[in-house]
Amino acid sequence: MHVKLRFSRHMDFGCYDKNSGEVECYLEIPNPEAVGCVERFATFMSLLLVIITFPFSLFECFKVVQEFERAVIFRLGRLRKGGARGPGLFFVLPCIDTYRKVDLRTVSFDVPPQEVLTRDSVTVAVDAVVYYRIKEPLNAVVKVADYSASTRLLAATTLRNVLGMRDLAQLLSDREAISHMMQANLDEATDPWGVEVERVEIKDVRLPVQLQRAMAAEAEADREARAKIIAAEGEIKASKALKEASLVMIDNPMALQLRYLQSLNTISAEKNSTIIFPFPLDFLRTFLGNPGPSNPSLPI
């Protein structure tokens, strides 16, 4: 069995039985790059115009692109073979050839501040900066109408989506990880357009005023708690040192007297008009040589 259908002058579709009993279908489509008679005639007329107006036509036929640029040429609406031209000199035919220059240098743009609701229900305003460049000029011209505007809109959407999956603490502490995640998502989405996202950086995270005050109060309370803990630890260490000093003074009573004199010297160093200092009776007995029993130290 063999069935063949003809849809147009240049398109055929058919099915036939193979020896194995299977049915195979085929569709014959003409080469879309085949040049028609009208295109041949237009090309001939353009070349004739160049010859008639020679050498003035050379100013319109030869174009120059810079080292950082590439030219994508269309002839009667079709992309010419050979890819993008440049850098340097290239030839175009008047009236039938059009071209578009593409800049290959790195371009940066600011993502407008985006109001984002984090995973823990906190509203923040975040802005970023994106660096990208064109790596495939043909795709940037043929597959997307405006690669620059499309990349900007996609960057704003990706920023909201990525930050919506993070908590506020992660947003404030893991900026580098968020930037890398945004870069990977943007690069994957813009790859069919011939755009390569090189770098993404989060510039600023703006919190509500009330939340800033609450976080400042929390940080202040935390610092005060740590200060009290440090002061308590210092008191514990000081009490242990005083205990060891008292044990030394018990073995040598004169050490206590020297300590009294040292304290008196420290107080007198300041400009004080009145000094109240406890004076033990044992100190007088030492100088008077009284052999009487030692009484408890009483200040006079």
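Refer to the structure printed above.
About the cut-offs
- Residues numbered from 1 in each chain as written.
- Predicted model: local features only at pLDDT ≥ 70, side-chain atom pairs only at ≥ 80, totals over all residues.
- Heavy atoms only, no water.
- Helix = DSSP H or I, 4+ residues; strand = E, 2+ residues; numbered from the N terminus.
- Buried < 20%, exposed > 50% of the residue type's maximum accessible area, 1.4 Å probe, protein only.
- Contact = heavy atoms within 4.5 Å.
- Areas by Shrake-Rupley, 256 points an atom, 1.4 Å probe, with all protein chains shown as cover.
- Salt bridge = Lys/Arg side-chain N within 4 Å of Asp/Glu carboxyl O.
- Expected span 1.5 Å × (residues − 1).
- Polar contact = N/O pair within 3.5 Å; in protein donor to acceptor, adjacent residues only side chain to side chain.
- Pairing = 2+ DSSP bridges.

**Digging into the overall build of the chain**
Per the secondary structure count, the chain includes 9 helices and 11 strands. The buried share of the chain, taken over its 300 residues, is 24%. Restricting to contacts in the chain with at least 6 residues of sequence separation, those with at least 24 account for 55%. Counting every atom, the chain has about 20,800 Å² of accessible surface; 59% of that belongs to carbon and sulfur.

**Some words on unusual backbone geometry**
Cis peptide bonds are those with omega within 30 degrees of zero, and the linkage from Phe54 to Pro55 qualifies with 5°. Looking at the secondary structure, you find Pro55 in the loop between α1 (37-52) and α2 (58-61). Cis geometry is found at the peptide bond from Gly86 to Pro87, where omega equals 0°. Position of Pro87 among the secondary structure elements: in the loop between β6 (78-79) and β7 (88-91). The backbone phi angle of Cys95 is positive, close to 75°, even though this residue is not glycine. Summarising the element assignment, Cys95 is placed in the loop between β7 and β8 (97-103). Even without a glycine there, the phi angle at Ser121 is positive, about 65°. When you line up the elements, Ser121 lands in the loop between β9 (107-117) and β10 (123-134). Using a relative accessible area of 58% as the deciding quantity, one classes Ser121 as exposed.

**A look at the pattern of salt bridges**
As enumerated under the stated definition, the model contains 12 salt bridges in all. For Asp97, the salt bridge identified is with Arg75, shortest N-O distance 2.8 Å. With a gap of 22 residues between them, Asp97 in strand β8 and Arg75 in strand β5 (residues 69-75) connect regions that are remote in the sequence. Since its relative accessible area comes to 23%, Arg75 is described here as partly exposed. Among the ionic pairs, Asp191 bridges to Lys135, the shortest N-O distance being 2.6 Å. Highlighted residues: Asp191 in the loop between α6 (175-190) and β11 (195-206) and Lys135 in the loop between β10 and α3 (137-142), separated in sequence by 56 residues. The exposure class assigned to Asp191 is partly exposed, which follows from its relative accessible area of 37%. Connected through shared salt-bridge partners, Arg75, Arg80 and Asp97 make up one network.

**Concerning the environment of Ser108**
Within the secondary structure, Ser108 is located in strand β9. The contacts of Ser108, once residues within four sequence positions are left out, are Val130 and Tyr131.

**What about helix α4 (residues 147-163)?**
Here α4 contains 17 residues, and its C-alpha end-to-end distance of 24 Å stays within 8% of the 24 Å for a straight helix at 1.5 Å per residue. Those residues of α4 not exposed but buried are Tyr147, Ser148, Thr151, Ala155, Ala156, Thr158, Leu159, Val162 and Leu163. The backbone nitrogen of Ser148 lies 3.3 Å from a side-chain oxygen of the residue at the head of α4, namely Asp146.

**So, the side chain of Thr190**
Considering the arrangement of structural elements, one finds Thr190 in helix α6. Overall, the relative accessible area of 0% leaves Thr190 in the buried class. Within the local environment of Thr190, its side chain forms a polar contact with the backbone oxygen of Leu186, the two atoms lying 2.8 Å apart. Other than its neighbours up to four places away in sequence, Thr190 contacts Thr151, Leu154, Val195 and Val197.

**What about the sheet that holds β8?**
Taken in spatial order, the 3 strands of this open sheet run β6-β5-β8, and their pairing is antiparallel. Either end of the sheet is taken by a strand with one partner, and the two such strands are β6 and β8. Relative to β6, β5 is paired through 2 bridges, and the arrangement is antiparallel. Bridge pairing links Arg75 to Arg78 in β6.

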